[in-house]
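One letter stands for each residue in the lines below.
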Amino acid sequence: MQPLFVSIHHNACPGGYGSEVLCIKDNYQGGLSTKVGQAILNELASIGLKNRGVKDRRDLYVINNTSMPALIVECVFVDNSSDMANYNPEKSAAAIYKGICTAFALPENQEPSTNDEEYYIVKYGNTLWGISKRFNTTVDKLVALNNIANRNLINVGQKLRVK
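By convention here, each chain's residues receive numbers from 1 onward along its written sequence. With pLDDT at 70 or above as the cut-off, local features in this predicted model cover only qualifying residues; side-chain atom pairs require 80 or more to be listed or tallied, and sums for whole chains, interfaces and linings still use all residues. Calculated side-chain values reflect all of the structure's heavy atoms, with hydrogen atoms and water omitted.

Naming follows an unreviewed UniProt entry, where the protein appears as LysM domain-containing protein of bioreactor metagenome.

A.B. asks: Got a minute to help me understand the sheet that holds strand 2 (residues 19–23) in this structure?
C.D. replies: In a beta sheet, neighbouring strands pair by backbone hydrogen bonds and run either parallel or antiparallel. Strands qualify as paired when DSSP identifies two bridges or more between them. For helices the rule is a DSSP run of H or I covering at least 4 residues; for strands it is a run of E covering at least 2, with both sets numbered from the N terminus onward. Spatially, 1-4-2-3 is the arrangement adopted by the four strands of the open sheet, whose pairing is mixed. Among the strands making up the open sheet, the edge pair consists of strand 1 (5–11) and strand 3 (51–56). Averaged over neighbouring strand pairs, the angle between their axes works out to 20 degrees when direction is ignored. Bridge analysis of strand 2 against strand 4 (residues 70–77) gives four bridges, and the strand direction is antiparallel. What sits directly across from glutamate 20, in strand 4, is glutamate 74. Fitting a line to C-alpha atoms yields each axis, with helices limited to the stretch in contact; the angle taken between N-to-C directions then spans 0 to 180 degrees.

A.B. asks: Just checking my understanding: could you explain the side chain of asparagine 11 for this structure?
C.D. replies: Of note, asparagine 11 is situated in strand 1. Here a polar contact is recorded for every N or O atom pair within 3.5 Å, except that within protein the pair must consist of a potential hydrogen donor and a potential acceptor, and residues adjacent in sequence are included only if both atoms are side-chain atoms. For asparagine 11, the side chain forms a polar contact with the side chain of glutamate 20, separated by 2.8 Å. Pairs of residues are marked as contacts when any of their non-hydrogen atoms sit within 4.5 Å. Discounting chain neighbours no more than four positions away, the residues touching asparagine 11 are Glu20, Glu74, Val76, Phe77, Val78 and Asp79.

A.B. asks: Explain the UniProt feature "domain: LysM" (unreviewed entry) in the protein to me, please; I cannot follow it from the model alone.
C.D. replies: Taking the UniProt record as the reference, the feature "domain: LysM" (unreviewed entry) is found at residues 118–162. For the annotated span residues 118–162, helix accounts for 33% and strand for 13% of the residues, and the straight-line distance between the end C-alpha atoms is 6 Å. UniProt positions are given in the numbering used here, feature names are shortened, and annotations may be inferred rather than shown by experiment.

A.B. asks: Got a minute to help me understand the domain arrangement of the protein in this structure?
C.D. replies: By a widespread convention, an interface's size corresponds to the accessible area lost as its parts come together. Domain annotation for the protein reports domain 1 (5–104) and domain 2 (119–161). Taken over C-alpha atoms, the centre of domain 1 sits 41 Å from the centre of domain 2. Residue ranges assigned to each domain were obtained from an automatic or database domain assignment.

A.B. asks: Explain the pattern of salt bridges here, please?
C.D. replies: Two side chains of opposite charge can pair, provided their charged atoms sit close to one another. What makes a salt bridge here is a side-chain nitrogen of Lys or Arg within 4 Å of a carboxyl oxygen of Asp or Glu, nothing more. Applying the stated rule across the entire model yields seven salt bridges. The closest approach of N and O atoms between arginine 57 and aspartate 59, which form a salt bridge, is 2.9 Å. With relative accessibility at 57%, the residue aspartate 59 sits in the exposed group. Note that arginine 161 and glutamate 117 form a salt bridge whose closest N and O atoms lie 3.8 Å from each other. Of this pair, arginine 161 sits in strand 6 (residues 159–161) while glutamate 117 sits in the loop between helix 4 (89–103) and strand 5 (119–121); the two residues are 44 residues apart in sequence, bridging distant segments of the chain. Connected through salt bridges with shared partners, the residues Glu20, Arg52 and Lys55 form a single ionic network. Buried residues are those whose accessible area, probed at 1.4 Å on protein chains only, stays under 20% of the maximum for their type, while exposed residues exceed 50% and partly exposed ones sit between those limits.

Shown next, in the form of structure tokens:
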């Protein structure tokens, strides 16, 4: 699955109502953020929130300074009593999740990965002892997980399995 930055917010503007998605339309990977945004808004509309559409917002720092498709989901207007009366955080979260699954053609009931492997890239000054303390493990476990022949020698840029 491709990386995607999603930030969830609540809007405020006198007279505003409904849900909208803010992104740089059609910017990355064939307009992925637009496609995901539309899918999310369709799901939010299905739980009773008005679909205000996907808006092109190149002026927003958070979405303009990411290196991946990025979007801001504005669920409701907090200063609109009707929006807030219809707002349910759990249903909204489920709708956002369902919209992302739809956009990526993922099954909604997909089990979380049981692959608990975790990796760390060695930086200048790192030692196995320091890395073991950082990841709450032991030097012996790091040596075994990574088939390290010389426990006193690791290299900058080396990818170590830590879990």
